[in-house]
Structure formats: C-alpha cells, structure tokens
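Inside the fold
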Amino acid sequence: MEIAQILTNAVVVASIYGLIAVAVSITWSSLGLVNLGYGFVFSFAGFWAWVVAQNVSEWPPIVAAAGLVGGAVGGILICLVVFIPLHDKPNFTTRGMIGTLAISLIGSQALLMQFGPRAKSLPELFGYWQVDIAGMALTSDKIGIVVCSIVMLGFVVFWMKGSRRGLEIRAMMMNPHAASIVGIGIRSTGIYVMALTGAMAGLASVLLSQTYYIAPFSGLTPLIKGVSIALCGGLGSVQGAVIAAMILGLTEAVTSRFLGGQYVLITQFLVIILILIVRPRGISGLLDKAREQ
Amino acid sequence: MTDTQPAKLRPITWHNPLEPWGQDQGNPELTSVASPDASDTWRANTKYKAKTYKVGRLKHYVIWRNNGQRLWDRWRWWPTRRNVLNIRGLYNRKTLKAEKKILDRRPIYWAICFALLVIGPAVFPASMYNTLLSAGTIFGIFAAINVCWTLILGTASIFTLASYAVVGVAAFVTTYLSIQWGLPWYVLPVGGAFIGLAVGIVIAIPALRLDGFYYALLTLGLNELCRVFFTTSKVFGSASGGLYGADSFIPDSWSPNAQSLLSYYSAFLLLVAVLFLFRFINGKQLGRVLRMAPEKREAFAEACGVDYRRARIIIFVVTSAALGFIGGFYATLYRGTAFSIFSFDTVLLGLAMVTIGGIGKAEGAILGTLVVTFLDKVLIDLGPTRLFLIGLIMLGVVLFTNNGYFGIKKQFNAWRDKKRGEWRSMRSEKGGEALPEEATERDNKDEVYFLRFDKMQRDYLKTLICPEIIEEHRQQPLGQHSATLERLLMYFRRAPMDDKYALQRNAETGRYKIIAFSGHRGVSPRVVEDREYDTIGDGYHAIFVRRVHDLMES
C-alpha cells in the first residue's frame, strides 16, 4: 500500500499548504495586496508558539492558540506597516508586494538574531496513537492536521458567509471602490483580513511543525507552495484553492511514486503552467472578474 | 479684504461743478464726514501677496562661456551626427554675450562615475584593498544582472522574479559542459547566451498569457524549482555547495593581486556592455514603442497599431540571452557557481537593489547595486544586521518613494505642484473676484476685469459706511448729499437689474412696499418684505439700509 501512504502524505501536506493558499487568495482578492510576507508570519507564529510552549504551558490547545494569536499579530503587523500607509498610493500593487518582501527579509533576520539559526521543535499536539483503515496506518498527527485544517477552513468559510465582518470582506472582494463608498472602511477591513489570514498561516505553522522544525527561514517553502496553489486555483477563490491543492497533492504523490522525489517540483510546475496557459486566472478565477486596482 | 492697518481718515470736500455758471439752488461746496482714501484700497488690492523667495523656480543651469563663431559647434559621436551633449547656444539678453548651457547633464555624470570605477583600484585604501576589489567585481556582475532585470521589469513591464534563475541555470550548465567536454573559457559566455535564450523562450510562454502579479508569483515558484532541482541533482554536485572546475580566462600563473584586478576590470567591461544593451533596447524602437503602451493603457496602444506583446516578448527573450551571457561569464570568472544564486535571499537582495534606485532606470539599478553590495560585502563585520539594514532601506524606499531614488525628483515636483495649488487657493480671495482658474475659461475678459474692479470698489465703499452717513440719508433721501453718501448711492443705483430693489405703491392705501425686480422680461417682481411704509421717503431709506446691509454682507 505504498501509493496509499504517499497519497495520505500528499493530502496532509496539501491541507497545510491549502491554508496558506486560501490566506494568500483572500488577501489578494479583498485588499489587492500580494502578500509575500506569509513566510515571515509563518516563522513568527512558530516561534511565538515555541516561546509559549517553553514558558507557559505545553498543553496542546494553548500551544495551538498561541500559534493562531502569533500569526494574527504578524498579519496585523504587516497590515500596519505596509498596507495602511500604501493602499492609496500610486503603484500600490508593486510597492505592496516589495514591501511585504522587505518585511519578510527584516523579520527573518530579526528572528535569526533573536533565536539563532538552530531549529526548534514544538511539543506533539495530537499525542501518539494510530488508526488502521483498510490496511493503512493513519498516525495521530496526520489525522489531527487534516481535521484541524478542515475545521479552520470551515470556520473561515462560515465566518465569511455568516458574519457582518465577513460581509464587509466579501463586499471588498467584489468591488473595493463601491465598498468604500457604502461606508466599509478599507483600513479596518484590512486589519480583519490580515488578522484572519495571519491566524491561518499561524495554524499552518503549528501544524507543519508536527512534521518539520521551526527555523527563521522555514516559512519560505510553505509560502511558495501556498502561492502556487492559490495561483493555480485562481486568486480570490476558496474552492479553487481547495481543488488546486488536491490536484497538486495528487501530482506530487504520483510523481514521487513513478518518477522519483526530485522530479516533484518539476511536474508540479508543469501542471501549474499548463493550467495557467489554459486558464490564465486559475481554475475557478474568471477572466473578466479580475480585480482592477 | 481691506488693509489690516487702520485707514487714515480725511475729510472730503465736494465742489459744485456748476458753481461758476451760477445756480439758484445748491451749495458751492460741501464738506462730508471724514472717510478713508480710496487709493489705500487700491494699493491693498493690487499688491502682490504671494510670498516670494530669492531662489527662483527656474531650473538652475550652469551657463558656460561661448563665442559667436562656435555657438552652433557640437561634439558628435563619430560617425553619426548624434550629439554627445544636449547643448543649447544662446545670447544673453542683458549682456548680449554668447553663452551655452547643457540641457541634459546625465552623460557627464555617467562619464564621472565610469572614471571613478576605472581609477577605483588605484585609490582604494590599502587596509581594505582586497575586500573592495572583490566587492567591486561582484558589484560589476550584479549591476549587469540588475540592469537586464530592470529592463524586463521597467521597459517590458513583465514582473519576473526569475532573472537570477536564468543566470544560475546558464552558469551551472556552462560549468558542467566545461567540465565534461572541456569547453574553453571564450565559449562559455556565448554558450550561456544560447542557454539563456532557450530558457527565456520557455518561460516567456506563460508570460504571453499571464499578466502582472500572476507572472511574478509563477516566476517565484520557477526560481524555487531551479533551486531544488540543482541542489538535489547529483550531476551538479549536490554535496559540495556548488559546481566548480570550469575553464577561466584568468591565468593561474598571475599573482593573486593581478588576478583580482583582471576580474575587476572584466566585470566592469561586462557592465559597460550591458549598459549599451540597455541603451539600444530602451532608447530605440522597442523602448519607444513600449513607452506608448504603459500598464493599463495597452488597449489604447493596440488600437494605435502598436504590437506591444511582441515588443515585450522580444525584450524578454533578448534580455534572457544577455542574462545567460552574464551567467556564462560568471562561470568562467569564478570557475563555477554556488547554489546561493538560486536562493530566495539572492532574489530578495536583487529586488532590493532594483527598487532602491528605481525600477526601469539603468542608473537606478546601478545605484541600488552599489548600496546593497557595499552593505552586504564591505561591511561584513556587521553580521546579520546588514541584511536587516538592507531590508529597512528597501522598506523605507517602498513606503516613502513612488519609484526609488531616481524617482524622487519627479515625486517632489508633483508634490510641490500640489502644494502650490493648495497655497494659491488659500490666498486667493473670493470676494466676487474671478479665480485664476475661472478666468481662463471666460471668453469675455472684460468681465474678469470688471469683477476685479467691482470687488475693489466694494472693499472701499464698505469703509465709508458709518452712522453719520445713514443718518444723513434718513433725513434727506433725495437731493444733494455729501460726497461720501453720493458715492455710495451712485454705486447702488448702478446695480444690475436682477434683484434690484424698488418701491411699489399700493393704490388703495397709498402706502409703499419693497419689491425686487426679477431681471427677466415677463417675470414679475417678488415682494421682499411685508412691511409697508407711510411715505416714499421712508421707503427710500428702507431700501438704502437694505442695500447697505447687502453690501456689508458681500
């Protein structure tokens, strides 16, 4: 059952990267900001959770909550430093993207100076147990990761559909200009969006640290994977991101089964490029609904 | 408004002009109450109130001496007729001497900078000689890469983040070929150019369909793909941190110092060659075509017959070949390449270099490279702080400038124009005077001057009003008045017909009411107030008081 094993791994990894992809997607479509600072938010939240685990308690809910809060704080930081000063300036999209990159450079160096280059590991959140389903051994962390990210994603979708703030964010997605005319504050919405998406990145960080370690530069790979999934699914679309995460996870599983691990990125990018050539705005992005700003 | 200092009051004596001919009624002369001088109002209104500074707004040019015979002589790039400097010859209007001024001094600055780079090794301090020389070599190569990159970002408006990946791929493949097949050093840059061309064509295919940030995100991924591929591949030396062993043009027999000098000057020559490429793409047909099609106005350019997509892709592919050339050169200069060329930090530093100076300008790319290379390679003692500093500079540049250091001038000028408009609107008085903006839109300029005069006159008449005048009018609404009151009444009588006050006599009661004319034929007057006056004199005075009130309100 090697292929099943690889498939479950792909699903686990895709559910983590899917969180970041949805975060990138929501930020782009509601604020028009290409936020490449999630790598920093990711490491920041990881270190935040690590500090809490070291000093306060290793009880899993507290560590996970610390990750969420750390991510939200990192997101709000980016919002305050980059989005709010720049959102009404000329060349906002370019400058915003470069600004978030600068934040990620500064932030990673600050983390490096503060905590040193050694990787840190978080306590096990989901304990040690495993379930056998149809001959597959599913370990506790895999189930926990998938369940946590589905819960988080479900919460985000529910909150966006059901709450007043979510309505504001969706209005910003449809037409930011009209939204600001009917009294939706761009800056306050920016803070909600960045806090929410930062919390998603923070959760992804805590979940991924069950498999890997926390290091100042560990946010880069999740960021690039997340951005690729968001791009492939269509920026601004949650279901597109989910579909793309599944397709790319499947590609990864199939490639590493039949070709070998070093070709994973190549096939993934070929798939992404093929999808983008057929549909330049991603799987469920509509060409004429592209955000103009 | 009127002068701030209290106007000096002086009595006005009215002389009856009919007096020499003799008349049976009226006084030969009449003194009126003391009132201000009209010329004070005139002076206050015609004074230039904008604050002026000694240094003018005109661009400051250095004026060079010249003589009439050489006024039109120019240096030219042989064998073309293109001027080296954009010089204008002129005669001074006051002294009538022949003068010349250089309108565009950038070629001089470029020449100075090149000269500094050439004589650099001779003046480097001995304690840091080796550090500066190797930093200078890196500066030359990175500046060349960044000039190419800014050509893609700025001129072609394709937001790629994979430029360093193209350089790296070319460098790795040429190194590998040199090791395997023993290619000589002079083949490597050319081979690199072909590899760059091929890579450029491959990654240009998505650029045809994707625009803006979709492409940026894709190329970010491509960069990571190259990094993972080359780092994990056994062929390219995954264990040793890089691939080394390519043939080099630097002879091993030379002293280390001579080797460093040779690499420094070869990197400098590479930079000069890339600048020529920049000049020949950005300043010639392709660049000019694309200046017609900036972002978001592509549709207009297309309607004008500009094939902007073709131009962009040509620039992208040609520049990719140039980047490949630089990659091959890099391989032969350092005898190989490290994996760090693909790292995300390299892309970030490169982006910092390009943004600090300003995207789309060769001088911007070079200045940014100078700043970042200096911080990164010369101030090594600072440790991780130096990357932190670079990030801070990058963030500051992005937050406060629209387009880097070389965009500051444009941004400052726009800001100054905005402020100038604000100040002008703050100091222009809205006393019925036409604002400068309105004045240009009125066809009849007489109206503009009339409004200006009328405002001035009202300013003056306001100073005349005092209880004595009103009392004088109350006692005698018609007949001979003092000069001051007469001036007021003349102004009131000359008012335009619309909304001019009049008296209406009720035929039954014989009492008077104040009405106002509509000013339009066939539209009846409106009643101003319900109060009725017994005598016509009371009515006249009521109208007078009402007009005085209107005057003071205006």
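What you are looking at is a predicted structure, and each value in this text was computed from that prediction instead of being measured. (Residues numbered from 1 in each chain as written. Chains lettered and ligands numbered in written order. Predicted model: local features only at pLDDT ≥ 70, side-chain atom pairs only at ≥ 80, totals over all residues. Heavy atoms only, no water.)

**Quick notes on the sheet that holds strand E5 (residues 63-65) of chain B**
Residues and elements named next belong to chain B. Spatially, three strands are ordered E5-E7-E6 in an open sheet, and the strand pairing comes out antiparallel. Both edges of this open sheet fall to E5 and strand E6 (86-91), since each of them pairs with a single strand only. For this sheet the average axis-to-axis angle between neighbouring strands, irrespective of direction, equals 35°. Pairing between E5 and strand E7 (residues 98-104): three bridges, direction antiparallel. Pairing of Arg65 across the sheet is with Glu99, part of E7. (Pairing = 2+ DSSP bridges. Helix = DSSP H or I, 4+ residues; strand = E, 2+ residues; numbered from the N terminus. Axes fitted to C-alpha atoms, helices over the stretch in contact; angles between N-to-C directions.)

**Topic: the interface of chain B and chain A**
On the chain A side, the residues contacting the 41 residues of chain B number 44 residues. Between chain B and chain A, a total of about 4,100 Å² is buried, with carbon and sulfur atoms accounting for 80% of that surface. Connecting chain B to chain A are zero salt bridges. Put simply, chain B and chain A have four residue pairs in polar contact (both at pLDDT 80 or more) between them. When contributions to the side of chain B that touches chain A are tallied by element, the ones reaching two or more residues are helix H5 (187-209), helix H6 (213-232), helix H11 (344-357) and helix H13 (385-400) of chain B. Counting residues per element, the side of chain B that touches chain A draws most heavily on H6 of chain B, at 13 residues. Here the residues of the side of chain B that touches chain A are counted per class, giving 29 nonpolar, seven polar and five charged. (Contact = heavy atoms within 4.5 Å. Buried area = accessible area lost by both parts, 1.4 Å probe. Salt bridge = Lys/Arg side-chain N within 4 Å of Asp/Glu carboxyl O. Polar contact = N/O pair within 3.5 Å; in protein donor to acceptor, adjacent residues only side chain to side chain. Nonpolar A, V, L, I, M, F, W, Y, C, P; charged D, E, K, R; others polar.)

**Re the packing of H5 of chain B against H6 of chain B**
Residues and elements named next belong to chain B. Where H5 meets H6, the axes come as close as 10 Å, and the angle between the chain directions of the two elements is 155°. One element, H5, and the other, H6, form an angle in the roughly antiparallel class. Considering how the two elements wind past one another, H5 and H6 form a crossing that is right-handed. Of the residues in H6, those in contact with Ile203, Ala204, Pro206 and Ala207 of H5 are Tyr215, Leu218 and Leu222. (Parallel < 35°, antiparallel > 145°, perpendicular 65-115°, else oblique. Left-handed = near helix turned anticlockwise from the far one by under 90°.)

**Things to note about the domain arrangement of chain B**
Structurally, chain B comprises domain 1 (66-104) and domain 2 (110-123 + 131-415). Each of domain 1 of chain B and domain 2 of chain B was reduced to a C-alpha centroid, and the two centroids are 38 Å apart. (Domains from an automatic or database assignment.)

**With respect to the sheet that holds strand E12 (residues 526-533) of chain B**
The pairing of strands in a sheet happens through backbone hydrogen bonds and is either parallel or antiparallel. Residues and elements named next belong to chain B. Strand order in the open sheet formed by three strands is E10-E11-E12, with antiparallel pairing between adjacent strands. The sheet is open, and its two borders are formed by strand E10 (501-505) and E12, each paired with just one other strand. Direction aside, the axes of adjacent strands within the sheet are offset by 30° on average. Pairing between E10 and strand E11 (residues 512-516): five bridges, direction antiparallel. Within E11, the position partnered with Leu503 by the bridge is Ile514. Of the strands in this sheet, E10, E11 and E12 touch helix H19 (residues 536-553), which is tilted by about 155° from E10.

**Here's the deal with helix H11 (residues 264-278) of chain A**
Taking 1.5 Å per residue, 15 residues should reach 21 Å; H11 of chain A reaches 21 Å between its end C-alpha atoms and fits that length. Those residues of H11 of chain A that fall on the buried side of the exposure criterion are Val264, Leu265, Thr267, Gln268, Phe269, Ile272, Ile273, Ile275 and Leu276 of chain A. Residues of H11 of chain A that are buried in the fold lie against helix H9 (220-233) and helix H10 (238-258) of chain A together with H5 and H6 of chain B. (Expected span 1.5 Å × (residues − 1). Buried < 20%, exposed > 50% of the residue type's maximum accessible area, 1.4 Å probe, protein only.)

**Let's talk about the environment of Leu111 of chain A**
Residues and elements named next belong to chain A. Among the secondary structure elements, Leu111 is positioned in helix H4 (residues 92-115). For the pair Leu111 and Ala72, spaced 39 residues apart in sequence, the C-alpha to C-alpha distance is 17 Å. Not counting the four nearest positions on each side in its chain, Leu111 is found in contact with Phe40, Ser43, Phe44, Phe47, Gly116 and Pro216.

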